Amino acid sequence: MLEKLKKIILKAMKKIGLTLSGGGIRAYSHLGLLSNLEWAKIPVDIVSGASVGAVIGAYYAAGLNLDMLKNRLKEIGFFKIFKPVLPFYGLSGFKKIADLFYKIGIPESFEDLKIPLVVVATDLKKREPVYFSSGSLWSALFATIALPGFFLPLKMGDMYLVDGGITNNLPVSILKERGADFVIAVDVNSLSRKFPQINSIYNVVYESVTLMVQRATEQERKLADFIVDIDLEGIGFLDFKKREEVINYSYKKTYQRVLELKKILEEKGYVQSGGMGSLFISPLS
């Protein structure tokens, strides 16, 4: 009884946030990090995300099975996501994305999530980030993945919403504002990574956007308490053929960092010291 009471008090006092960056196919690597967090029994009290990072964050916040998502993502190809629409303001609308959300089990409403989630999008008219944490989850996710030229802008009231990564690709500050005491930031767009092969206009567009938002990302990184960089050498944001490689690599890449994180959280009193979970087998063991 005393031990249980200590856990309740500890949780009430300490709030851990998790931020997942956007990055196209590279953001699939968040799956390895999330699996390692579960294995290490590191609790997360609030999540934020941009673009594909927000989609994976929504799945995680819904309490759904990560292995199932991993298998689903392996099946997704370019033409299973994009569907040309007229008039041509973007390569695709959101019908196929809605079908995907339904199939993998992402709830339609923020209120159905088990962990609070904040999704960032960009308002083209005001040229600033917009944060969503209630109401239609699907609409917020449509907005945050709407990279100009690929998806239609999402009209919501007076706003024209596009990819959240354009204005804040690593939304750490919003978690601090929402009461997170310790924020873990996962960045898959480190400029130290090897430049991917430029073999399409899509890679040119995305790499240019990544460069433009880097200054804002650096400011957000300074606010994080712990950063996990996942350097995916030469992986472009639409490298669907490498999606399985990205997912598998991320388990190994983030394993040691999660062990370091666990130790820091124990020392700071955010989590109790103890053993690791039993359901995840690390690739290194």
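Please read all numbers here as calculations on a predicted model, not as lab measurements.

A. Region of interest: the packing of aromatic side chains. Across all of its chains, the model carries four aromatic pairs by this definition. Following the ring pairs from residue to residue traces out a cluster consisting of F101, W138 and F142. Positioned above the aromatic ring of Y270, the side-chain terminus of K14 is 4.9 Å from the ring centre. In this arrangement the basic side chain of K155 is found over the ring face of Y160, its NZ or CZ atom lying 5.3 Å from the centre.

B. Broad picture of the side chain of N169. Within the secondary structure, N169 is located in the loop between β6 (159-162) and α7 (173-177). A polar atom in the side chain of N169 sits 3.1 Å from the backbone nitrogen of G22.

C. View of the packing of helix α3 (residues 52-61) against helix α6 (residues 137-144). It is the contact of α3 with α6, at a shortest axis distance of 8 Å, that shows an interaxial angle of 155 degrees. The orientation of α3 relative to α6 falls into the category roughly antiparallel. Crossing angle aside, the handedness with which α3 passes α6 is left-handed. Side by side, α3 and α6 meet where A54, V55 and A58 of the first sit next to L137, L141 and T144 of the second. When grouped by side-chain class, the residues that make up the contact of α3 with α6 number five nonpolar, one polar and no charged.

D. Local environment of the confidence of the model for the chain. Averaged over every residue, the pLDDT of the chain is 82; residues scoring 70 or more account for 74%. Here helix α1 (residues 2-13) stands out as the element of the chain with the lowest mean pLDDT, 59, in contrast to strand β1 (residues 16-20), whose mean of 98 is the highest. Taken together, the stretch residues 86-90 has pLDDT below 50 and engages in nine contacts with residues farther than four places along the chain or on a different chain. Predicted confidence is poor over residues 277-285, with pLDDT under 50, and the contacts of this stretch with residues over four places away or in other chains come to eleven contacts.

E. Expanded view of unusual backbone geometry. Here the phi dihedral of K41 falls at roughly 55 degrees; this positive angle occurs in a residue that is not glycine. Its location among the elements puts K41 in the loop between α2 (30-39) and β2 (46-50). Residue K41 is classed as exposed on the basis of its relative accessible area of 53%. One non-glycine residue, R127, adopts positive backbone phi at about 60 degrees. As for its placement among the helices and strands, R127 is situated in the loop between β3 (117-123) and β4 (128-132).

F. Region of the structure containing the environment of F226. Residue placement: F226 occurs in strand β8 (residues 226-229). Accessibility expressed as a relative area gives 6% for F226, which makes it buried. When the C-alpha atoms of F226 and V186 are compared, they prove to be 8.6 Å apart, with 40 residues separating the residues in sequence.

G. Main features of the nonpolar core. Core analysis: the largest hydrophobic core is formed by 73 residues, its most contacted members being L18, L34, L37, I106, L117, L137 and L141. Sorting elements by how many residues they give to this core places α3 first, with eight residues. Apart from residues no more than four positions distant in its own chain, L37 is found in contact with L18, I42, V44, V258 and L261. I46, I174, L175 and I227 belong to the second largest nonpolar core, which has eleven residues in total.

H. A look at the pairing of strand β7 (residues 182-187). Burial runs high along β7: six of the six residues are buried. Here β7 shows a buried face lined by F182, I184 and V186 and a second buried face lined by V183, A185 and D187. Two elements, β1 and β7, share five bridges in a ladder whose sense is parallel. Across the sheet, L20 pairs through a bridge with V186, a residue of β7. Summarising the sheet, β7 and β8 pair through four bridges and their orientation is parallel. The residue of β8 that forms the bridge with A185 is I227.

The rules behind each value
- Residues numbered from 1 in each chain as written.
- Predicted model: local features only at pLDDT ≥ 70, side-chain atom pairs only at ≥ 80, totals over all residues.
- Heavy atoms only, no water.
- Phe/Tyr/Trp six-rings, centres within 6.5 Å; stacked < 30°, edge-to-face > 60°.
- Lys NZ or Arg CZ within 6 Å of the ring centre and 35° of its normal.
- Helix = DSSP H or I, 4+ residues; strand = E, 2+ residues; numbered from the N terminus.
- Polar contact = N/O pair within 3.5 Å; in protein donor to acceptor, adjacent residues only side chain to side chain.
- Axes fitted to C-alpha atoms, helices over the stretch in contact; angles between N-to-C directions.
- Parallel < 35°, antiparallel > 145°, perpendicular 65-115°, else oblique.
- Left-handed = near helix turned anticlockwise from the far one by under 90°.
- Contact = heavy atoms within 4.5 Å.
- Nonpolar A, V, L, I, M, F, W, Y, C, P; charged D, E, K, R; others polar.
- pLDDT = per-residue confidence, 0-100.
- Buried < 20%, exposed > 50% of the residue type's maximum accessible area, 1.4 Å probe, protein only.
- Core = buried A, V, L, I, M, F, W, Y, C linked by side-chain atoms within 4.5 Å.
- Pairing = 2+ DSSP bridges.

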